[in-house]
Amino acid sequence: MGERPVTRVVLVAARARNGVIGATGGIPWRIPADFAHFRRTTVGHPLVLGRATFEGIGRPLPDRQSIVVTSDRGWAHEGVLVARSFEEALEVGAGLDEVVNVGGGGRLYAEAIRFATEQVLTEVDLAPEGDTHYPDFDEGDWAETRREEHLDDDPAWTIRWLERR
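What you see is a predicted model; the values in this text were computed from it and never measured.

## Concerning the UniProt feature "domain: DHFR" (unreviewed entry) in the protein
Within this numbering scheme, the UniProt entry marks residues 8-165 as carrying the feature "domain: DHFR" (unreviewed entry). Taken end to end, residues 8-165 is 22% helix and 34% strand, and its two terminal C-alpha atoms sit 14 Å from one another.

If you want it as C-alpha cells, here you go:
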C-alpha cells in the first residue's frame, strides 16, 4: 500500500474590505465572473458547506460532492453527505479526493482556517453592511502565490491565491 497523499484544504471565499461575506443569508454584491471562478476552483473536488450556506444555495452544486456540516441529527438532503463537525467533513472529503474545498459560511470558515493549507480569496472593493464575516488571519502566515486583478469592474475585485508558509 502506498502512502495516502496529504490532503489540501482550500478555503474559497469572497470577502469585502471590511471582512463581510454575507448579509441576511445572501451575498451583498453580484459578480457573475466570480461565481464562474468559484465553479472552476471547486469542480471535481468535495465541497464542504455549512447547513445555512447550503440551504441558501438550495441544491447540491453540480460536478462536486457536497458535504454539509450540521449539528441537526435529523437533517438530510438527497445527494449530500452530512458531517457533524468540520473535522468529520474533512475526514469524509479526504477519503474522496486529495483536495477538499471549503465554501462557507462564516462559522465554518472560522472552524476550518486552522486546517487550511491554501486560501483562494476574492477581495471585493466594497465595505457593505453584513452579518457574516470571514475570519481574521495573520497575513504573515501565508504567501501569495498568484493574483488576478479586475480593477475596472464595478465593483473592483481581485483574486488572491495564498499558501500557508
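## Comments concerning the layout of surface pockets
Each pocket or cavity is described by its volume, and for the largest pocket that value is around 1,100 Å³. Considering the residues around the largest pocket, the lining is formed by 44 residues, among which Leu 49, Thr 53, Gly 103, Gly 104 and Gly 105 are closest to the centre. Within the residue set of the lining of the largest pocket, elements represented by two or more residues are strand 1 (8-16), strand 2 (20-22), helix 1 (32-42), strand 3 (47-50), helix 2 (51-57) and helix 4 (106-112). Of the residues belonging to the lining of the largest pocket, the class tally is 18 nonpolar, 16 polar and 10 charged.

## Section: the packing of aromatic side chains
Given two aromatic rings, one states the distance between the centres and the angle between the planes to describe the pair. Evaluation of the coordinates by the stated rule reveals five aromatic pairs. Look at Phe 54 and Trp 75: their rings are 5.7 Å apart centre to centre, the planes differ by 90°, and that puts the pair in the edge-to-face class. One end of the pair, Phe 54, is in helix 2; the other, Trp 75, is in the loop between strand 4 (66-69) and strand 5 (81-83), and 21 residues separate them in sequence. Given the relative accessible area of 12%, Trp 75 is considered buried.

## Observations concerning helix 1
Looking at helix 1, one finds that the buried residues are Asp 34, His 37, Phe 38 and Thr 42. Along the axis of helix 1, the buried positions cluster into a sector of 115°, meaning they face one direction only. Against strand 1, strand 3, strand 6 (99-102), strand 7 (118-124) and strand 10 (157-164) lie the buried residues of helix 1. One or two positions beyond helix 1, positive phi appears at Gly 44, with a value near 90°.

## Side note on unusual backbone geometry
In this structure, the amide linkage connecting Gly 104 to the following residue, Gly 105, adopts the cis form with an omega of 10°. Mapped onto the elements of the fold, Gly 105 is located in the loop between strand 6 and helix 4. Geometrically, the link from Asp 154 to Pro 155 is a cis peptide bond, its omega value of 0° lying close to zero. Note that Pro 155 resides in the loop between strand 9 (142-150) and strand 10. For Asp 63, which is not a glycine, the phi torsion comes out positive at approximately 65°. Along the chain, Asp 63 turns up in the loop between helix 2 and strand 4.

What counts, and where the lines are drawn
Residues numbered from 1 in each chain as written. Predicted model: local features only at pLDDT ≥ 70, side-chain atom pairs only at ≥ 80, totals over all residues. Heavy atoms only, no water. UniProt positions renumbered as here; feature names shortened; annotations may be inferred. Helix = DSSP H or I, 4+ residues; strand = E, 2+ residues; numbered from the N terminus. 1 Å grid on protein atoms, 1.4 Å probe; cavity = no way out; pocket = protein on both sides within 12 Å on 5 of 7 lines; lining within 4 Å. Points joined across faces, edges and corners; volume = space filled by probe spheres on them. Nonpolar A, V, L, I, M, F, W, Y, C, P; charged D, E, K, R; others polar. Phe/Tyr/Trp six-rings, centres within 6.5 Å; stacked < 30°, edge-to-face > 60°. Buried < 20%, exposed > 50% of the residue type's maximum accessible area, 1.4 Å probe, protein only. Arc of directions from axis to C-beta. Contact = heavy atoms within 4.5 Å.

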